[in-house]
Amino acid sequence: MSQDKNQTPDWGEQEQTRQDETVRPTETARHPETEDWEKVRTGEEAQTRDGDSRGHIRSMDYEPYRAGGDDEPVYSGQRRRSSAPLIILIVILVIGMLFAAWQLGTIFLNYHRDRAAYNDLAGNAISALAEAETKDDDGEEAEEAEDEENDKPVVSQVPIQVDWAYLQSVNSDVVGWLYCPGTVINYPVVQTNNNDFYLKHGFDQQSNTSGTLFADKDSVAGIVQSNFIIYGHNMKDNSMFGSVAKYVDKSYYEENPVMYYLTPNGNYRVDLIGCHIVESTAENYPLYFSSITDYQNYLDRISSDFFWINKEAMSTDYQLMTLSTCSYTSGYSDPRLLVHGVMVPIE
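Here the structure is a predicted model, which is why all the values come from computation and not from measurement.

**Examining the confidence of the model for the protein chain**
Per-residue pLDDT for the protein chain averages 78, and the proportion of residues at 70 or more is 65%. This stretch, residues 25–29, has a pLDDT under 50; its non-local contacts, to residues over four places away or in other chains, come to 10 contacts. In this model residues 44–62 is a low-confidence stretch, pLDDT under 50, and it forms 31 contacts with partners more than four residues away in sequence or in other chains.

Shown next, in the form of structure tokens:
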């Protein structure tokens, strides 16, 4: 019995040694939150496969013992995190930037296309009056017109001449041409039975983000006690009525105080009288005035809000013209910028 008792510890020590050799490496590679891992992090001794001590290892510099061979992950410092979310985020950002660049490119390409189309239209339909009247049908110089009363040459106030036959062959909805010397405003004006179609269609009636200048469906040129309204987009490249938005500055008005509105039935010099910002409500877009007094009351009301005013030109003797475009001024629910002028008939 005493011999068996003496032999039992030897067998147990050998078995325990084999178990330690098998288990300890696995225990050393436990998850970072286990007790043995904490011992390594705090610098306490940890046994390696060869039984060497790796005590007093800095928590950020250790390399745990490999438990399963070269294919098992090795922790260096804190536990590694997957880089997949970061890669996905970068991909999303790159796609977003490319999409934004594509949109900007498309917008500017459309701007260029639309301007080129209107420039070509103006080139075919408009000519300087002096050039147009220097020759007659036979190619010879035309004689100056004589005033019947004082026998003096008649000097036309119309700076350009419009080929109405050509314009009507392109679009029968054309009713006029708006021209402002020294600016980009040199466009045809159309009119139809609604105020929506030409917001997104060009003069050729094709889809177009710039649209076309168009008169209110109920406006009529030539009626004194009325308001002839023309709508146009406030384009970022200053085309259409983009430059009209500049009339909030008095100095811009002083440089460009006059426009011209030409029609197949008569021509007008538009003397600008004021500019202001309003809500897009019916009361700010009257079409007809019941009397001269009603007309005057309207002028008095709107002039109190003008950024600047041309009192000398303001008169109820002539028809009112209103140019309307979008405004981006804060403090309004649906702001519009209006530029007003009086339509003085000219020869």
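**A short note on the side chain of Asn-284**
Mapping Asn-284 onto the fold places it in the loop between strand 8 (266–279) and helix 7 (292–303). In contact with Asn-284, other than residues within four places in its own chain, are Val-278, Glu-279, Tyr-298, Arg-301 and Leu-338.

**A few points about the nonpolar core**
Ranked by size, the top nonpolar core spans 55 residues in total, and within it Trp-177, Leu-178, Tyr-247 and Tyr-261 carry the most contacts. The dominant element in this core, judged by the number of residues it contributes, is strand 8, at 6 residues. By size, the runner-up hydrophobic cluster in this structure holds 12 residues, among which are Ile-273, Phe-289, Phe-306 and Met-314.

**Focus on unusual backbone geometry**
Positive phi outside glycine occurs at Gln-205, with the angle close to 70°. Mapped onto the fold, Gln-205 is located in the loop between strand 4 (186–190) and strand 5 (214–215). Located in the positive-phi region is Asn-238, a residue other than glycine, with phi close to 75°. Take Asn-238: it is sitting in the loop between strand 6 (227–231) and helix 6 (250–255). Look at Asn-238 and you get partly exposed, because its relative accessible area is 27%.

Reading the values: the criteria
Here the residue index of a chain counts from 1 through its sequence in written order. Where totals are concerned, whole chains, interfaces and linings use all residues; where local detail is concerned, this predicted model gives features only for residues with pLDDT of at least 70, and gives and counts side-chain atom pairs only at 80 or more. As a convention, hydrogens and water are excluded, and side-chain values are obtained from all of the structure's heavy atoms. pLDDT measures how confident the predictor is about each residue, on a scale from 0 to 100. A contact between two residues is defined here by any heavy atoms of the two lying within 4.5 Å. Secondary structure elements are taken from DSSP: a helix is a run of H or I of four residues or more, a strand is a run of E of two residues or more, and numbering for both begins at the N terminus. Side-chain atoms within 4.5 Å link the members of a nonpolar core, which is a set of buried Ala, Val, Leu, Ile, Met, Phe, Trp, Tyr and Cys residues. Residue burial is assigned from relative accessible area. The probe radius is 1.4 Å, only protein chains are included, and a residue is buried under 20% of its type maximum, exposed over 50%, and partly exposed in between.

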